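A look at the structure
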Amino acid sequence: MPRTSLSTPTRIVGAAAATALVLGLSACGSSGTGASGDAKAGGSFTYWSMWRAEEPQAQVLKAAIADFTTATGIKVDVNWAGRDISKKIGPSIAANQAPDLWDQANDAIFGSVASAGQALDLSPVLGLQIPGENVPVSQVIPGKYFDMLPKDPGGSNHYVIPYEVATTGLYYNAADPDLAAAMPAAPADWAALLKVCDTLKAKSKPCFASEGEDPWTNGLYFDYLLNGAGVDVSKLANDKSSAGWDDPAVLAAAQKVEQLVKGGYLIPGYDATKYPAQETNWAGGKAAFLMNGSWVTAEVAKQIPAGWKFGSMLPPGTKSPDATLFGFSIPKKAKHAEAAEKFIAFFLQKKELAGISTTAGNITPREDIPAPAELADAQKALAGATVRLPFDGVAGNWSPKVLDQHFLDLWHGKSTAAQFVAKCKADQVTYWQTQG
């Protein structure tokens, strides 16, 4: 499912019917009434999860919850609430009915709770020991994942403790003989990438598949090119003078996008189809690359032919990969925060968290837990010194008001790079005039 805004991937966190399940090990009803100190002598806490009960992540969490209760005596009252949880958490906090623990993507947690100062600062969790490992949480969760997050009103970016990481890039079949011949090594620069595309084009093979109507996945080319040129998209978007659009690096990035269009490197018909048509074509070997997120490997798992070997890379010149975190948060009004914090540290044990890779098929923030083979390249990309939010964390309605349609016009060959930049600049001036 394509993205429609600069926010969490809808294929991971799209709306779903809520399903509630209280584990057999937990007490019925709401959490216990003891103080947070009850965590040391049994007790219980409530947990609202973004996952549905039947999803792989839920299976991993269920096993960990059972182990946690056995080890500590603390019972966990779970509501497998589904993706709408971020819409429910704010009203529940206002009504004094918030859970003790919940999970979602970092942008959903920030937008619905942390930005309003309603998320507990989880810095103390970073100092907790991982059971059985004699190391603190801070030693297994790289600080770079917090460094990229916006701060809440209290100045904290520790309002979420991640257990799963998603990232984006150019995905391909490393066992494709045409691609292997054209790309014996990762392209060192943009010109080298286009040379790969020219070699494939000579064999009548499109270089890039694209869901042409999606400004988010296609816009990642522009995002990564800007990153490589040292342009922060968030700063560009928040420049009320719009002078940032005059930066030659912005036009140069748009011109490179234009090269993909005018060079005939995109799969024919990309501008007249809807998801998942071109993703399916890519999985069938009809194009070499697909710009997408790490979730794509699971999406096409049943479509790819025998012998397919997933590979991924970042566009040449990229300085930092993007990352989206899925993790735990605790409302400030939680009645049993200490017990919830203990569970977070417990779940981050290697033996518990490994299931996010082996069962759920995703990357964890622990670099000592190997990603699934199909995401090995993505995990290597994340292993660098820095990461950043997609589009550098641009939020709100700037994208649909300023960027999306103009980018699609560029992507569809309806406007030039120069026209794209000029139109975005003009609309950004109007945008900020109407923001008050």
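Reading guide: rules and limits
- Residues numbered from 1 in each chain as written.
- Predicted model: local features only at pLDDT ≥ 70, side-chain atom pairs only at ≥ 80, totals over all residues.
- Heavy atoms only, no water.
- Core = buried A, V, L, I, M, F, W, Y, C linked by side-chain atoms within 4.5 Å.
- Buried < 20%, exposed > 50% of the residue type's maximum accessible area, 1.4 Å probe, protein only.
- Contact = heavy atoms within 4.5 Å.
- pLDDT = per-residue confidence, 0-100.
- Phe/Tyr/Trp six-rings, centres within 6.5 Å; stacked < 30°, edge-to-face > 60°.
- Helix = DSSP H or I, 4+ residues; strand = E, 2+ residues; numbered from the N terminus.

Soluble globular proteins tend to bury their nonpolar side chains together. By size, the foremost hydrophobic cluster in this structure holds 136 residues, and its most contacted members are Phe208, Phe222 and Phe289. In this structure Phe208 touches Leu170, Leu193, Cys197, Tyr221, Leu260, Tyr265, Leu266, Ile267, Ala287 and Phe289, once residues within four positions along its chain are discounted.

This part takes up the confidence of the model for the protein. Confidence along the protein averages 92 in pLDDT terms, with 90% of residues attaining 70 or more. Note that residues 1–40 has pLDDT below 50 and, in this model, 115 contacts with residues that lie over four places away or in other chains.

This part is about the packing of aromatic side chains. The full count for this structure, using the stated rule, is 30 aromatic pairs. When the ring of Tyr163 is compared with that of Phe347, the centres are 5.6 Å apart and the planes differ by 85 degrees; the resulting orientation is edge-to-face. Of the two residues, Tyr163 is situated in strand β4 (residues 161–166) and Phe347 in helix α15 (residues 337–347); the sequence distance between them amounts to 184 residues. In this pair, the class of Tyr163 matches that of Phe347, namely buried. Ring centres of Phe222 and Phe420 lie 5.2 Å apart, and the angle between their planes is 85 degrees; this geometry places the pair in the edge-to-face category. Separated by 198 residues along the polypeptide, Phe222 in helix α10 (residues 215–228) and Phe420 in helix α20 (residues 417–434) bring together distant segments of the chain.

Looking now at unusual backbone geometry. The phi angle of most residues is negative, glycine excepted, and most peptide bonds adopt the trans form. A cis amide bond links Tyr275 to the next residue, Pro276, at an omega of 5 degrees. Within the secondary structure, Pro276 is located in the loop between α12 (248–262) and α13 (277–283). The backbone of Ser204 sits at a positive phi, close to 65 degrees, despite the residue not being glycine. Within the secondary structure, Ser204 is located in the loop between α9 (190–202) and β6 (208–209). According to the relative accessible area criterion, Ser204 is exposed, its value standing at 68%.

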